[in-house]
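These are the residues of each chain, in order.
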Amino acid sequence: CSAALEETLLGAGVSQVLVSLICEGIIAGVGGVLSFLPQIALLFFFLSFLEDIGYMSRAAFIMDRLLRRFGLSGKAFIPMLMGFGCSVPAIMGARTMENEKDRRMTILLVPFMSCSAKLPVYGLLSSAFFGPWAGLVVFGLYVIGMAAGILSGLLFKHTLFAGEPAPFVLELPPYRLPSLHNMLTHVWQKVKGFLIKAGTLILLMSILLWLLQSFDFSLHMVENEADSMLGALGSVIAPIFKPLGFGFWQAAVALLTGLIAKEMVVSSLSMFYAFPLTATGAQVAAAMTGFTPLSAFSMLVFILLYVPCVAAVSTLFKEMNSPKWTWFAIGYQTILAYVVALCIYQFGRWFTEGTFGVGTVAAIGAVAVFIYLLVRPYKEGSSLNVNVKAKTAS
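Residues numbered from 1 in each chain as written. Predicted model: local features only at pLDDT ≥ 70, side-chain atom pairs only at ≥ 80, totals over all residues. Heavy atoms only, no water.

## Concerning the nonpolar core
Generally speaking, nonpolar side chains in soluble globular proteins are found buried as a group.
Here is step 1 of the chain: Counting 91 residues, the largest nonpolar core has Phe246, Leu269, Met288, Phe291 and Phe302 as the members making the most contacts within it.
Here is step 2 of the chain: If near-sequence neighbours (up to four positions away) are discounted, Phe246 is found in contact with Phe241, Ala251, Leu255, Phe291, Ser295, Ser298, Met299 and Phe302.
Here is step 3 of the chain: In this structure, Leu37, Ala41, Phe44 and Val191 belong to the second largest nonpolar core, which totals five residues. (Core = buried A, V, L, I, M, F, W, Y, C linked by side-chain atoms within 4.5 Å. Buried < 20%, exposed > 50% of the residue type's maximum accessible area, 1.4 Å probe, protein only. Contact = heavy atoms within 4.5 Å.)

## Examining the packing of helix 7 (residues 100-109) against helix 17 (residues 310-320)
Here is step 1 of the chain: Two elements in contact, helix 7 and helix 17, have axes separated by 11 Å at closest approach and are oriented at 170°. Regarding the angle of helix 7 to helix 17, the classification is roughly antiparallel. When helix 7 is examined against helix 17, the residues Arg103, Arg104, Ile107 and Leu108 are found in contact with a partner set consisting of Leu316, Glu319 and Met320. (Axes fitted to C-alpha atoms, helices over the stretch in contact; angles between N-to-C directions. Helix = DSSP H or I, 4+ residues; strand = E, 2+ residues; numbered from the N terminus. Parallel < 35°, antiparallel > 145°, perpendicular 65-115°, else oblique.)

## Some points on the pattern of salt bridges
Here is step 1 of the chain: Counting across every chain of the model gives three salt bridges.
Here is step 2 of the chain: Note that Lys101 and Asp102 form a salt bridge whose closest N and O atoms lie 3.3 Å from each other. Here Lys101 matches Asp102 in class, with each residue buried.
Here is step 3 of the chain: One salt bridge connects Glu319 with Arg103, and the closest N-O pair in it is separated by 3.8 Å. Here the residue Glu319 occupies a position in helix 17, and Arg103 occupies one in helix 7, the gap between them amounting to 216 residues. For the pair Glu319 and Arg103, a shared accessibility class is recorded, and that class is buried. (Salt bridge = Lys/Arg side-chain N within 4 Å of Asp/Glu carboxyl O.)

## Topic: the packing of aromatic side chains
Here is step 1 of the chain: With the rule as written, the count across this model stands at 18 aromatic pairs.
Here is step 2 of the chain: On the basis of an interplanar angle of 75° and a centroid distance of 6.4 Å, the ring pair of Tyr273 and Phe291 is categorised as edge-to-face. Here Phe291 lies in the loop between helix 15 (281-287) and helix 16 (293-305) and Tyr273 lies in the loop between helix 14 (264-272) and helix 15, a separation of 18 residues in the sequence. Neither Tyr273 nor Phe291 differs from the other in exposure class; each is buried.
Here is step 3 of the chain: Relative to Phe356, the ring of Trp350 has its centre 5.0 Å away and its plane inclined at 70°; by these criteria the two rings are edge-to-face.
Here is step 4 of the chain: Through successive ring pairs, a cluster of aromatic residues spans Phe112, Phe156, Trp325, Phe328 and Tyr332. (Phe/Tyr/Trp six-rings, centres within 6.5 Å; stacked < 30°, edge-to-face > 60°.)

## Here's the deal with unusual backbone geometry
Here is step 1 of the chain: In this model, Asn321 sits at a positive phi of 55°, which is unusual for a non-glycine residue.
Here is step 2 of the chain: By the element assignment, Asn321 lies in the loop between helix 17 and helix 18 (323-353).

## Let's talk about helix 14
Here is step 1 of the chain: Most of helix 14 is tucked away, with nine of its nine residues classed as buried.
Here is step 2 of the chain: Restricting attention to buried positions, one finds in helix 14 the residues Met264, Val265, Val266, Ser267, Ser268, Leu269, Ser270, Met271 and Phe272.
Here is step 3 of the chain: Downstream of helix 14 by a residue or two, Ala274 has a phi angle that is positive, lying close to 50°.

## What to know about the confidence of the model for the protein chain
Here is step 1 of the chain: In the predicted model, the protein chain carries a mean pLDDT of 78, and 79% of its residues have values of at least 70.
Here is step 2 of the chain: Put simply, helix 2 (residues 16-34) is where the protein chain has its lowest mean pLDDT, 63, and helix 16 is where it has its highest, 94.
Here is step 3 of the chain: When the criterion is pLDDT under 50, residues 387-394 qualifies, and its contacts beyond four places in sequence or with other chains add up to six contacts. (pLDDT = per-residue confidence, 0-100.)

Right under this line is the structure:
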């Protein structure tokens, strides 16, 4: 919130509490997300272009041989690619897969693709801590997400979903010139949904976060945010993330709000650290005291891999039609995110600072266990193969 607007509101007789709500709650929370709208619109524009020219099905055909190495059918490529836009339609897009085993495995792997809601978080932290290398860092996050999906697919191929994927049969539509009207309509629908989310869910959550951040449990307004209700809650959770390099209550609460919508991480951080919407990367980095480039990258990787938003989880539950599969997906994604972020931070400190401690030993042990699970010879009878019933034709 600009100083001029704050002075204008105070000059008009608006109470300090209401000014704080408008400037530190609504504008900082919602505005921090809306500033990344152009990048999100551009992402959906290119996805719409590929879909409109008829290339999506051909890409799935080309990728079939590669994906079979990871236990997937080529039809999984389209939901995976859609996952870079939004996990909800990507998970629903797996309905086109006739084989139930392939469909379930695809649904479990889609959240590892970096959806557009994560892009504002990537842009904020990478520009703040990596400067001219920000683009390379964001690209690396996309690669890490795909690598996590590939390695998870290899693990699931030998355990949960042992066996060969279903034969690949797909009708290829003809190539056609893209329709600008269709593309712009598709982009507008996605942008409209993003704006509606910003005007409703993110707005309400920004107001709620401001209330929890500004008042203590006695409903007295606090000057130090660490004494607020949110600070107290975050202080309880923060030690969990200390081995990952971001054991601060602000980061812990921001991750919790990210379960509602990943864009909320940006809103939360901008509110907690009070940097203006027009702040440069250096100003954001200076405001986020305690963070280093290594801890910031560790947090970015955790945000990349941990549980998707509530909408995606509810869609996953609906498509899986099983509470057990849903809880498995939540648990696996959370554990994988924690382990990978732990390895990045602990190994990073070991190589750059020579720090070797309990966290480093835990990271080495986690890597060893994962490698063992990947290379261990499995027998069909001893695998954790899950029997799933094929859908009957209606």
